[in-house]
Amino acid sequence: MGKGGQDEGKQSPSPHGSQPPVFLAWARDQQECEAFFKVDSCIGLTSIEAHTRLDKHGPNELERHAGPSVWSLILDQFNDTLVRILLVAAVISFVLAWYDGDEGGETSITAFVEPLVIFLILIVNAIVGVWQESNAEKALEALKEIQSDHATVIRDHQVISNLPARELVPGDIVELRAGDKVPADMRVLRLVSPTVRVEQGSLTGESVAVNKTHRKVEHEDTDIQGKECMVFAGTTVVNGHCICLVTQTGMHTEIGKVHSQIHEASQSETDTPLKKKLNEFGETLTMLIGIICVLVWLINVKYFFTFELVDGWPRNFKFSFEKCTYYFEIAVALAVAAIPEGLPAVITTCLALGTRKMAQKNALVRKLPSVETLGCTTVICSDKTGTLTTNQMSVAKLVAMGYRSGSLREFRVEGTTYDPCDGVIYDWPKGPMDANLQMISKIAAVCNDAGVAYAGHQYCANGMPTEAALKVLVEKMGPPGEVRYVRNNSISETTEVILECCQQWSETEHRVATLEFDRMRKSMGVIVKSASGRNSLLVKGAVENLLERSSSIQLQDGSIVSLDENSRTLLLQTLQNMSSTALRCLGFAYKEALSEFSDYDGEEHPAHKLLLDPLNYPSIESDLIFVGLVGLRDPPRPEVHKAIEDCRAAGIRVMVITGDNKNTAEAICHEIGIFGSHEDIAGKSFTGREFMSLPDANRLEILRQTGGLLFSRAEPKHKQEIVRLLKADGEVVAMTGDGVNDAPALKLADIGIAMGITGTEVAKEASDMVLADDNFSTIVAAVGEGRSIYNNMKAFIRYMISSNIGEVASIFLTAAIGIPEGLIPVQLLWVNLVTDGPPATALGFNPPDKDIMKKLPRRNDDSLISAWILFRYLVIGLYVGLATVGVFIIWYTSESFLGIDLTGDGHTLVTYSQLSNWGQCSTWEGFAVSPFTAGSRVFSFDSNPCDYFQGGKVKAMTLSLSVLVAIEMFNSFNALSEDGSLLTMPPWVNPWLLMAMSVSFGLHFLILYVPFLAEVFGIVPLSLNEWLLVLAVALPVILIDEVLKFVGRCMSERDIAARRPHDKLKVA
């Protein structure tokens, strides 16, 4: 990309046909181009030849890449470790439920709740995933929309005004007029109007429309911007009329190459850092689940598989399929307990909440995972124009003539926007403007085609930005011929006249002719008729060119003196000084002795024919009177300097990649803090070509430097290569862009950031995030928000995983000591999905740390859970297991606990030995159980006392479930901060968490006290004393984690103290 047709003929064969061999059309004259394509520009191709070429080269359209089928997208959603574990668990649960029903066991809906809920989770997950991935290729569709549908073509010596653009072939002669969309890459053969301007910024990054010429380019090896005689598909003709020759069509055009690069980049998209970590966690979890399930079976194999040793050999094997199935169900329950089923939903909710927060800061996130990826961004590759700068040209300096020859006056102009009230002119003379300043004001106001409008609560330019800036300068200078006045700074939306002074100049100086700008003379002129009836010529343009055509200068009092060598040298020195500070300079001149144009009044005047040929303009604009010059710039956004400092403090490197010239870009980078004010940037500032000409090893060495980097005159392929190298080196790259040419790099970057105001639809569709205000500081704010969201995600992931560890410990201990099953799969599923969900989601609202942008970005390979955190939650999980199993044992074996009476329901107490050997109950002589009450129900076991350990465990199971829920609610307080005590970060810092706890407890009460739900979940209502027991067993989890946090803080302080001497050494 960027060399235009230079790569023609080198591509692999396209399904749309082949293209002509390499032909550098921009470096060949009109006759050579016509000869190569075997066409006469006056006659065009014949219809027969056009059809032959269409068959050979294919239609002029972009390829339609076949996207993945719906079935392949659905299957891709199951290419995730956690999802596969869930799927296996659901299938096994369903089979076991079906088997129990066939055996005459449980046939109610309870048996199928677990597998059905898991299947529902998987289906919703698949639907969301398919929907997201089906939108992945929208950038390619948006690219097709910018293509032209029809073209005006000359064929068989006739003009065909509405030929379908897809039928264009290399060699076709096309007529372009103002407003036309260019249908293919073409060589300009001749200009029908004096000038032709094309808006090609979306393809090249240029901020203004560019003039086109029919003259060939002298250098064959030039970039797109340098191909002044070429027009490119998808760009728009702003003004003028020209005849062009089609050189490339379809996928071989510049926009076709962008299309290929977008498709290629979309194929190489990688998982986000969080998804990689979750996949790694899923794989580890799979291994742990497998090990624990095998251990559960090995521990309990004695209950379903026995044998006797006879003469040293095993004999009399006995196998109980019923008990084998029972312990298999326990293993399945363990798998369900180990899997955080609610994690995908909570992550999605947290990311969605993050997008809302970012939207409030003008960062519109298009892809949810981007929220998290932003948090680990290590490099921001930013464009300059409009992102680091305002993209609003403004005059920074005004230079006028002094009171004598060889003297100048300089005025500093304040303001960075198109608002006429934004800033003042320093040291401006009081009273009426002198004659010299009035002439500068007149030329700036009248020799100008731009305007300023107020829309969307801001001032914006209509027309060329430089010309709009000149009109704003005129407003700051004041009205013609009157005492300087202070403008009303409270201009409202309803102000009808924004450019009052310019309007007064236009009323007194009526334009009768325009000498349009061209690149040869680098100036624009207008012939005006003043109120007195006299004609004069007003000219603005490049200072050097105007000085060459000037013979006099106007002094402060209006007197005219000869432009001597001393004055010329002084003006050129001033120009050089201003240019070295990245100011774009424009000069002003006028002429009153117009000879044949002295009475010019319109097209009927005899001299009008001279204006039809632009070659006459230099002679008309000769013998000028030079009056002054201005320096303009696209100023940096005022908040950018602070944002750059924030990036540096956060360990994020900022690289500027711009299509602007090197000197201007370097000056801006010095001003905004990318480079220090006196920093040597010899090894940090390169043009795109300079960088690409270096060996790979040198390029990597440059990119690994600390501090900022600048790449100027960069082409799209340079941006892609920089992003590719950074990603290959392990960096997480955020890339900004606004044009069609930026789309491939936006796709390739970890975070593609498109401009919302100036960005094309193609760039927006290729991006992950859109900046509503096109402001660099918004990116930095979004990075901070991304870090905060990631920290909150870690908090709820820690919370959910610690809860799951507790559930696993509970089931493992149950199986290890041989007591009846205390928690069944449907209860665990309820806890994981519903009860844990609200607190986990509420942790996403934790306030950000105050020093969040003072920490280094996390590494790609940083673990989601550190070894210390894992140990902490193993301790917590062990306590959860002991508490849930312990309360189960307490109910069966104890009359009271910590003074809480537990005999109120009349249940029978057993010994721990009986409870742990409940499977042998049928062999116990005289074992009898009294009835007990639970809510309004009475449980009696007269017919089968051994059922007391199965049907009668409903109260003990309810206590276990309630303890599990209570501990997990209190544990959510522990997750507020990784190491901070609840004394420094109390629960009310996050009121959403308190509300979520209320919701979770409310849901638990719902399934306890609504009879139908209690039956589904196999639980019963609890009495007041039983709730006191639950709280007494659950509350210690807070104290345990407080002790562990204290140890963690001590370890962190010790590590920091150990690093300090090393850091001091590095500084030294």
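From a predicted model like this one, the values you see are computed outputs, not experimental measurements.

Draft legend 1. View of the packing of aromatic side chains. With the rule as written, the count across this model stands at 27 aromatic pairs. Judged by centre distance (5.1 Å) and plane angle (85°), the rings of Trp891 and Tyr892 are edge-to-face. Cation over ring: Lys227 sits above Trp26, and NZ or CZ is 4.0 Å from the ring centre. Stacked on the ring of Tyr426, the Lys or Arg Arg412 has its end atom at 4.1 Å from the ring centre.

Draft legend 2. Spatial organisation of a nonpolar patch on the surface. Taken together, the side chains of Val301, Phe305, Phe307, Leu309, Phe317, Phe319 and Phe321 define a hydrophobic patch exposed on the protein surface, amounting to about 710 Å² of accessible area. Contributions of two or more residues to the nonpolar patch are made by strand E10 (305-310) and strand E11 (313-319). Within the secondary structure layout, Phe307 lies in strand E10.

Draft legend 3. Summary view of a negative patch on the surface. A cluster of acidic residues, Asp599, Asp601, Glu603 and Glu604, forms a negative patch at the surface. Relative to the assigned elements, Glu604 resides in the loop between strand E23 (584-591) and helix H18 (608-611).

Draft legend 4. Region of the structure containing the state of the cysteines. Taken as a whole, this structure holds one disulfide when the rule is applied. Cys242 supplies the cysteine sulfur nearest to Cys244, a cysteine that is in no disulfide, at a spacing of 3.7 Å. Exposure remark for Cys244: the relative accessible area of 0% places this residue in the buried category. Looking at the unpaired Cys501, the closest cysteine sulfur is the one in Cys502, lying at 6.8 Å.

Draft legend 5. Focus on the pairing of strand E18 (residues 509-518). Two strands pair when backbone bridges link them, and E18 and strand E19 (residues 523-530) are joined in this way by seven bridges, in the antiparallel orientation. Its bridge partner lying in E19, Asp518 is registered against Ser523. Adjacent in sequence and paired antiparallel, E18 and E19 are bridged by four residues, among which Lys522 carries a positive phi angle near 55°.

Draft legend 6. Quick look at unusual backbone geometry. One non-glycine residue, Arg713, lies in positive phi territory at about 50°. By relative accessible area, Arg713 is classed as partly exposed at 40%. In this model, Leu898 sits at a positive phi of 55°, which is unusual for a non-glycine residue. Position of Leu898 relative to the elements: it lies in the loop between strand E31 (896-897) and strand E32 (900-901).

Draft legend 7. Molecular detail of the sheet that holds strand E29 (residues 751-755). Taken in spatial order, the eight strands of this open sheet run E12-E30-E29-E28-E13-E25-E27-E26, and their pairing is mixed. At either end of the open sheet lies a strand with only one pairing partner, and these are strand E12 (363-365) and strand E26 (685-687). Neighbour-to-neighbour, the strand axes of the sheet open up by a mean angle of 20°, direction not taken into account. Examined bridge by bridge, strand E13 (residues 379-382) and strand E25 (residues 653-657) share four bridges and lie parallel to one another. Bridged to Cys381 within E25 is Met655. Strands E25, E26 and strand E27 (709-712) of the sheet are contacted by helix H23 (residues 696-703), whose axis makes an angle of about 125° with E27. Contacts from helix H24 (residues 716-728) reach E13, E25, E27 and strand E28 (733-737), with the element oriented near 170° to E28.

Draft legend 8. Quick look at the UniProt feature "transmembrane region" (unreviewed entry) in the chain. Under the feature "transmembrane region" (unreviewed entry), the UniProt entry names residues 81-99, 111-131, 285-305, 325-353, 864-892, 957-976, 988-1007 and 1027-1044. Structurally, residues 285-305 is divided into 95% helix and 5% strand, and its ends, taken at the C-alpha atoms, are 29 Å apart. Secondary structure content for residues 988-1007 is 85% helix and 0% strand, while the C-alpha to C-alpha distance between its ends is 27 Å.

Draft legend 9. Inspection of the pattern of salt bridges at higher detail. Following the criterion strictly, the structure yields 28 salt bridges and no others. With a closest N to O distance of 3.3 Å, Glu220 and Arg28 form a salt bridge. A residue pair is termed long-range when its members are at least 10 positions apart, and Glu220 in the loop between strand E6 (210-212) and strand E7 (230-231) and Arg28 in the segment before helix H1 (30-37) qualify at 192 residues. Classification of Arg28 by relative accessible area gives partly exposed; the value is 22%.

Draft legend 10. Summary view of helix H13 (residues 435-446). For H13, with 12 residues, the first-to-last C-alpha span of 16 Å sits near the 16 Å given by 1.5 Å per residue. Most of H13 is tucked away: 10 of the 12 residues are buried. If you check which residues of H13 are buried, you get Asn436, Leu437, Met439, Ile440, Ser441, Lys442, Ile443, Ala444, Ala445 and Val446. Near the N-terminus of H13, the side chain that reaches the backbone nitrogen of Asn436, with its oxygen 3.1 Å away, is that of Asp434.

Draft legend 11. Spotlight on the environment of Ser962. By secondary structure assignment, the location of Ser962 is in helix H32 (residues 954-974). Judged by relative accessible area, which is 1%, Ser962 ranks as buried. Once the C-alpha coordinates of Ser962 and Phe1005 are considered, the two residues, 43 residues apart in sequence, prove to be 9.5 Å apart. With sequence-adjacent residues up to four places away left out, Ser962 is seen in contact with His1004, Leu1008, Leu1022, Trp1027 and Val1030.

Cut-offs used in this document
Residues numbered from 1 in each chain as written. Predicted model: local features only at pLDDT ≥ 70, side-chain atom pairs only at ≥ 80, totals over all residues. Heavy atoms only, no water. Phe/Tyr/Trp six-rings, centres within 6.5 Å; stacked < 30°, edge-to-face > 60°. Lys NZ or Arg CZ within 6 Å of the ring centre and 35° of its normal. Patch = residues over 30% accessible without salt bridge, like charges linked within 9 Å, V, L, I, M, F, W, Y side chains within 5 Å. Areas by Shrake-Rupley, 256 points an atom, 1.4 Å probe, with all protein chains shown as cover. Salt bridge = Lys/Arg side-chain N within 4 Å of Asp/Glu carboxyl O. Helix = DSSP H or I, 4+ residues; strand = E, 2+ residues; numbered from the N terminus. Lys, Arg positive; Asp, Glu negative; His and termini not counted. Charge placed at Lys NZ, Arg CZ, Asp CG, Glu CD. Disulfide = S-S within 2.5 Å. Buried < 20%, exposed > 50% of the residue type's maximum accessible area, 1.4 Å probe, protein only. Pairing = 2+ DSSP bridges. Axes fitted to C-alpha atoms, helices over the stretch in contact; angles between N-to-C directions. Contact = heavy atoms within 4.5 Å. UniProt positions renumbered as here; feature names shortened; annotations may be inferred. Expected span 1.5 Å × (residues − 1). Polar contact = N/O pair within 3.5 Å; in protein donor to acceptor, adjacent residues only side chain to side chain.

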